[in-house]
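# Structural overview for review
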Amino acid sequence: MLPLSLLKTSQGHPMLVELKNGETYNGHLVSCDTWMNVHLKEVICTAKDGDRFWRMATCYVRGNTIKYICVPDEGTRVRLSQIRHTLWRPDYG
């Protein structure tokens, strides 16, 4: 599954983004672009040491700072069902 198509399918769903510096951002995905820059809303940022937390209304994370992204299972299930529907559709031509 392509990462960008999975991200686009996950719009509106909660996700976790960990940065290369160790900070984590938990929020709802508003949008993403081809460079994997993500715009989150209702965000809770956790410091690398886990001792400090910040709440933000919105947050923009640059794609080249992201270590990994964790999306909910429901987003992957929706995308997989879309792919299966496209691949297994009978040809009426």
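Residues numbered from 1 in each chain as written. Predicted model: local features only at pLDDT ≥ 70, side-chain atom pairs only at ≥ 80, totals over all residues. Heavy atoms only, no water.

## What about the overall build of the chain?
Counting secondary structure elements, the chain contains 2 helices and 5 strands. Taken from N to C terminus, the helices and strands of the chain fall in the order α-β-β-β-β-β-α. Classification of the 93 residues of the chain by burial places 31% in the buried group. Surface summary for the chain: the accessible area is close to 6400 Å², and the carbon and sulfur share equals 56%. (Helix = DSSP H or I, 4+ residues; strand = E, 2+ residues; numbered from the N terminus. Buried < 20%, exposed > 50% of the residue type's maximum accessible area, 1.4 Å probe, protein only. Areas by Shrake-Rupley, 256 points an atom, 1.4 Å probe, with all protein chains shown as cover.)

## Quick notes on unusual backbone geometry
Phi at Met36 is positive, roughly 60 degrees, even though this residue is not glycine. Position of Met36 relative to the elements: it lies in the loop between strand 2 (24-32) and strand 3 (38-46). Taking relative accessible area as the criterion, Met36 reaches 29% and is therefore assigned partly exposed. Its identity is not glycine, yet Glu42 carries a phi of approximately 50 degrees, on the positive side. Of note, Glu42 is situated in strand 3. Judged by its relative accessible area of 52%, Glu42 falls in the exposed class.

## Regarding the side chain of Ser10
Of note, Ser10 is situated in the loop between helix 1 (3-9) and strand 1 (14-19). Given a relative accessible area of 1%, Ser10 falls into the buried group. A distance of 2.9 Å separates a polar atom in the side chain of Ser10 from the backbone oxygen of Leu6. (Polar contact = N/O pair within 3.5 Å; in protein donor to acceptor, adjacent residues only side chain to side chain.)

## Some remarks on the confidence of the model for the chain
On average, the chain scores 84 in pLDDT, and the residues at 70 or more come to 76%. The element-level mean pLDDT for the chain is lowest in helix 2 (residues 73-87), coming to 60, with strand 3 highest at 97. (pLDDT = per-residue confidence, 0-100.)

## Side note on the nonpolar core
Of all hydrophobic cores here, the largest spans 16 residues; its most connected members are Met15, Val17, Tyr25, Val38, Leu40 and Val61. Contributions of two or more residues to this core are made by helix 1, strand 1, strand 2, strand 3 and strand 4 (53-61). Residue contributions to this core peak at 4 residues, all from strand 3. Dropping the residues within four chain positions of it, Val17 is found in contact with Glu23, Thr24, Tyr25, Val38, Leu40, Val61, Ile66, Tyr68 and Ile69. (Core = buried A, V, L, I, M, F, W, Y, C linked by side-chain atoms within 4.5 Å. Contact = heavy atoms within 4.5 Å.)

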